[in-house]
Number of protein chains: 4
Amino acid sequence: MTTQTPTAIPDVQNSADSRQLAINKVGIKSIRHPIKVMDKNGGVQHTIAMFNMYVGLPHNFKGTHMSRFVEILNSHEREISVESFEPMLREMVHKLEAETGHVEMTFPYFINKAAPVSGVQSLMDYEVTFIGEIREGGVYEFTMKIVVPVTSLCPCSKKISEYGAHNQRSHVTVTTTTNDHLWIEELVQLVEGQASCELYGLLKRPDEKYVTERAYDNPKFVEDMVRDVAGCLNREPRIDAYVVESENFESIHNHSAYALIEHDKRAQ
Amino acid sequence: MTTQTPTAIPDVQNSADSRQLAINKVGIKSIRHPIKVMDKNGGVQHTIAMFNMYVGLPHNFKGTHMSRFVEILNSHEREISVESFEPMLREMVHKLEAETGHVEMTFPYFINKAAPVSGVQSLMDYEVTFIGEIREGGVYEFTMKIVVPVTSLCPCSKKISEYGAHNQRSHVTVTTTTNDHLWIEELVQLVEGQASCELYGLLKRPDEKYVTERAYDNPKFVEDMVRDVAGCLNREPRIDAYVVESENFESIHNHSAYALIEHDKRAQ
Amino acid sequence: MTTQTPTAIPDVQNSADSRQLAINKVGIKSIRHPIKVMDKNGGVQHTIAMFNMYVGLPHNFKGTHMSRFVEILNSHEREISVESFEPMLREMVHKLEAETGHVEMTFPYFINKAAPVSGVQSLMDYEVTFIGEIREGGVYEFTMKIVVPVTSLCPCSKKISEYGAHNQRSHVTVTTTTNDHLWIEELVQLVEGQASCELYGLLKRPDEKYVTERAYDNPKFVEDMVRDVAGCLNREPRIDAYVVESENFESIHNHSAYALIEHDKRAQ
Amino acid sequence: MTTQTPTAIPDVQNSADSRQLAINKVGIKSIRHPIKVMDKNGGVQHTIAMFNMYVGLPHNFKGTHMSRFVEILNSHEREISVESFEPMLREMVHKLEAETGHVEMTFPYFINKAAPVSGVQSLMDYEVTFIGEIREGGVYEFTMKIVVPVTSLCPCSKKISEYGAHNQRSHVTVTTTTNDHLWIEELVQLVEGQASCELYGLLKRPDEKYVTERAYDNPKFVEDMVRDVAGCLNREPRIDAYVVESENFESIHNHSAYALIEHDKRAQ
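First things first, this report covers the structure right here in the doc. Everything numeric in this text was worked out from a predicted model, so none of it was measured.

Below, the discussion takes up the interface of chain B and chain A. On the side of chain A, 57 residues touch chain B, which itself brings 57 residues to the contact. Interface of chain B and chain A: buried area, both sides summed, is about 4,500 Å²; carbon and sulfur atoms make up 61% of it. Scanning the region where chain B abuts chain A turns up 10 salt bridges. A salt bridge links R19 of chain A to D224 of chain B, with the nearest nitrogen and oxygen atoms 2.6 Å apart. For the side of chain B that touches chain A, the secondary structure elements donating two or more residues are strand 1 (23-38), strand 2 (44-57), helix 1 (66-74), helix 3 (155-160), helix 6 (222-235) and strand 10 (256-264) of chain B.

Let us now look at helix 1 (residues 66-74) of chain C. Counting buried positions along helix 1 of chain C gives 7 out of 9 residues, so the element sits mostly inside the fold. M66, S67, R68, F69, V70, I72 and L73 of chain C are the residues of helix 1 of chain C that are buried. At its buried positions, helix 1 of chain C is contacted by strand 1 (23-38), strand 2 (44-57) and helix 2 (82-95) of chain C together with helix 6 (222-235) and strand 10 (256-264) of chain D.

Put simply, the second copy of the chain is the first one after a rotation about an axis and a shift along it. Least-squares fitting of chain B to chain A yields an RMSD of 0.0 Å, with the transformation described by 0.0 Å of translation along the axis and a rotation of 180 degrees. The transformation relating the two chain copies, once decomposed into turn and shift, fits a two-fold axis. Among all residues of chain B, the one whose C-alpha sits closest to the rotation axis is A267 of chain B, at a distance of 9.7 Å. With an isologous cut-off of 70% or more, the 100% of interface residues of chain B that recur at the interface of chain A puts this contact in the isologous class.

Using the criterion set out here, one finds 28 aromatic pairs over all chains in the structure. Aromatic pair F85 of chain D and F142 of chain D: ring centres 5.9 Å apart, planes at 75 degrees, arrangement edge-to-face. With F85 of chain D in helix 2 (residues 82-95) and F142 of chain D in strand 6 (residues 140-153), this residue pair connects regions lying 57 residues apart in the sequence. The class for F142 of chain D is buried, based on a relative accessible area of 7%. One Lys or Arg, K29 of chain A, reaches over the ring of Y258 of chain B and ends 5.9 Å from the middle of that ring. A cation over an aromatic ring shows up here: K158 of chain C above the ring of Y216 of chain C, its NZ or CZ 4.6 Å from the ring centre.

Right, let's get into the interface of chain A and chain D. Taken together, the contact pairs 31 residues of chain A with 31 residues of chain D. Between chain A and chain D lies a buried interface of about 3,100 Å² when both sides are counted; carbon and sulfur atoms form 58% of it. If you look at where chain A meets chain D, you find 5 salt bridges. In this structure, R205 of chain D engages D11 of chain A in a salt bridge whose closest nitrogen and oxygen atoms are separated by 3.5 Å. Linking chain A with chain D are 8 residue pairs in polar contact (both at pLDDT 80 or more), by the criterion used here. Elements represented by at least two residues in the side of chain A that touches chain D include exactly strand 1 (23-38), strand 2 (44-57), helix 1 (66-74), strand 4 (101-114), strand 5 (121-134) and helix 5 (205-217) of chain A.

What counts as what
Residues numbered from 1 in each chain as written. Chains lettered and ligands numbered in written order. Predicted model: local features only at pLDDT ≥ 70, side-chain atom pairs only at ≥ 80, totals over all residues. Heavy atoms only, no water. Contact = heavy atoms within 4.5 Å. Buried area = accessible area lost by both parts, 1.4 Å probe. Salt bridge = Lys/Arg side-chain N within 4 Å of Asp/Glu carboxyl O. Helix = DSSP H or I, 4+ residues; strand = E, 2+ residues; numbered from the N terminus. Buried < 20%, exposed > 50% of the residue type's maximum accessible area, 1.4 Å probe, protein only. Least-squares fit on C-alpha atoms with pLDDT ≥ 70 in both. Phe/Tyr/Trp six-rings, centres within 6.5 Å; stacked < 30°, edge-to-face > 60°. Lys NZ or Arg CZ within 6 Å of the ring centre and 35° of its normal. Polar contact = N/O pair within 3.5 Å; in protein donor to acceptor, adjacent residues only side chain to side chain.

These values are about where atoms sit, not about what they do.
In structure tokens form, the structure reads like this:
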């Protein structure tokens, strides 16, 4: 799978195709590359991303040029932000001589958090995905997906038990299509504010007392979690559409409790 | 997370909710259960499935009853076929007092294959997912997804090299919404017929010679693979809509080549 | 990679090798096959196993015959028990003309459990691995590994907080080399008896009250968990050597707490 | 799970234990943290590591202090090299008041490679693990593990077929205990030199012709691969002991071919 070169080596991909079948997405999948992401404090975070990069292929072309996708990644050291993501997509679509394009970039992102009582600082990691799409006619759409790990504490267990309540780690995943800039840190904070309690890398004993009592004071079903996050997303004007999911890795079962709300404000 | 019981223990899930937010899907995720699947030869295959089971929850209910999903799985030994999948969904929606429901069931499925020259028999495993959905108004839709591992051999590599051609294992994934019965075996055969060569569990030397030469005689780009499968799916009247994907785990790179075609015949 | 056949096709694997390097393990990895496992109640459980099958290869042989491993799996429908595992290994070592051999077989195994108060029954799944080894001189050793998911509740969190205590799902993994027959069910019960509380597929509200209070009454650090299981394994004469690990998927952090004890009684 | 603090909050972990059972390893598992790794060219590479950090716990202590492990990671921005790994372990053992310790740190590492004909440059990613161990008496041992993806081409398939030969991506994993400094780049190069062909991120058509023909000219069984790497490792005096594994993701089967050689030069 190679690019065109000005030699006598035949260029099979560039030949015509008669099957009358356009391809929605074609490109490279699961390629790792180092990136730099701008954070809310004005700094730059070095991390490692997994990329999927695709273009649409009209019915009359036999193949795309796979190596051009890799050239784009390697052409210069990537300093990536929500703003620079669109130019990268437009460059890809142009170089691949395509009309439509789609890039997904998944990376661990770190936020420095202070423990709630002692104030000791530590990093928490979140899995973030940037998804950019150029549609027919050149319209660009940006979607940000974040997996936010939190504590959930079961209201039923608390209510029916004389003491204690089962709780567990949960993954709240928000996928938001935005019409204006939204920081990773803003979306994380929005989600963590709705959980029974947020997570920390480092907790000293007074902090552990705090998070234990905070979760007990703030029980949430998986249904409550997605509803309370959806309420916040509904009130945020920079978000056009969203999916919010919560998966609770139940501490009393070997399976998860799960809920999902999806909403497109533009559909109304 | 429990069912209603006629005791004095409070039923928190059953209380009213005032947030005015309906939940699209709520239920249990990633629960493993043994099942029996009917095969094309009239036999029954024992296997192990991973289930996701969800219902829609109207805005005025606080929570669903998680334990009822598990009760359905455990209520009787499940002999599951494409036909019995719809009754299971309708039972779930009824027991959960819901209007809409969604079940995904993923399992390894085995097909006994004869090697192409020696005829020696062995099992090949495929990952199959049954997806059933009951929409508002009670309309039922069935989708079958199969991951078919095959050999792909690169036409460009063959054309430009004096000898040899890079080849590799690929995953062709077909997701088909059907209007009539389609066997797993039929869909697997449809895909394998379009690959550079199909895979086998057991090959003797004359078979290995055959599959090597067969793949070399039959080179396919990732684009060819999805187009040739799409052509077959277009001609199959039992299929209403489909997505076909191919991921080639390139033997010359540390990333994949990927292509996708999706088509809904009903949209025209 | 094929077997010997009485044809003119050359047999590359069977040629001599001059590098003077014996190979400890060579064979096939990650092949799925359906199996039947005998359970403690005299029944037979159908499940799906992932196999790794290796033999030792003396320095003077160029290659092993990969297809013979697959032939062994496909030769007859496998009804596998701890007892039938040794004959399967001896057959493999014999067919491959080897002196030493190693088989790992990992499968989901289900135990029907009654909820602690209501008595409602449901299946719980456990990941089990059988490991058989034939050493030089023909000595056979059998090792059974089970991952048992349980609830752990933190003693520190309970002690320092006015109410509540963080708890989570944990995986307790026991790897035991045995000198006499031990049922999967026996080892699972031994581990579950030491947890803050055991898990169930299905719990009604009185059961949920029970498991919540039981875990709160029975807090365990990850250190307590491995020590208390190790104490039981020390008292079980059918076990010659063991490793016990516990990984707690902390509900207040995004990482795990972990502990491990290993002990070989024969070393003393 | 917290550190000692000079308050009235009880310190449960610090209490005495009477079970007479020492714990081989206790600590934190699967915590992600950004690191900087020194590369062979004198530069520094930013990457993301997954850490497991454990100490030994004597029989008379109830628990370790989990938060101190996290403090070590967060105490200063980590610039990690083979040389700085030992001081980090000694700091951990000291802060945890332990005698023995064990750290595993797994991260993606990138090497800039030039394509074999065109010379175009691109990054290739490798999964590297540093493993450090402090034994009783304070002896330190360092082990480096690298997964090197390569192309393997089957000698049997080439020999018996009139044209073509099946080939595929393989993972060669080397785990080396060293007595002197060895760069990641050196070990990668040693392995890649023994493969049918090495992999590249970016290949133009003349490069693709080269790698196709190179692999065909250089067929290797999984047995050859581990033997040829073992031969190189035997000749490298900085390596005291090693395990070399190769897993070929066979393009003609749905399972892998696998081989392993392990050797400790000090045992002789």
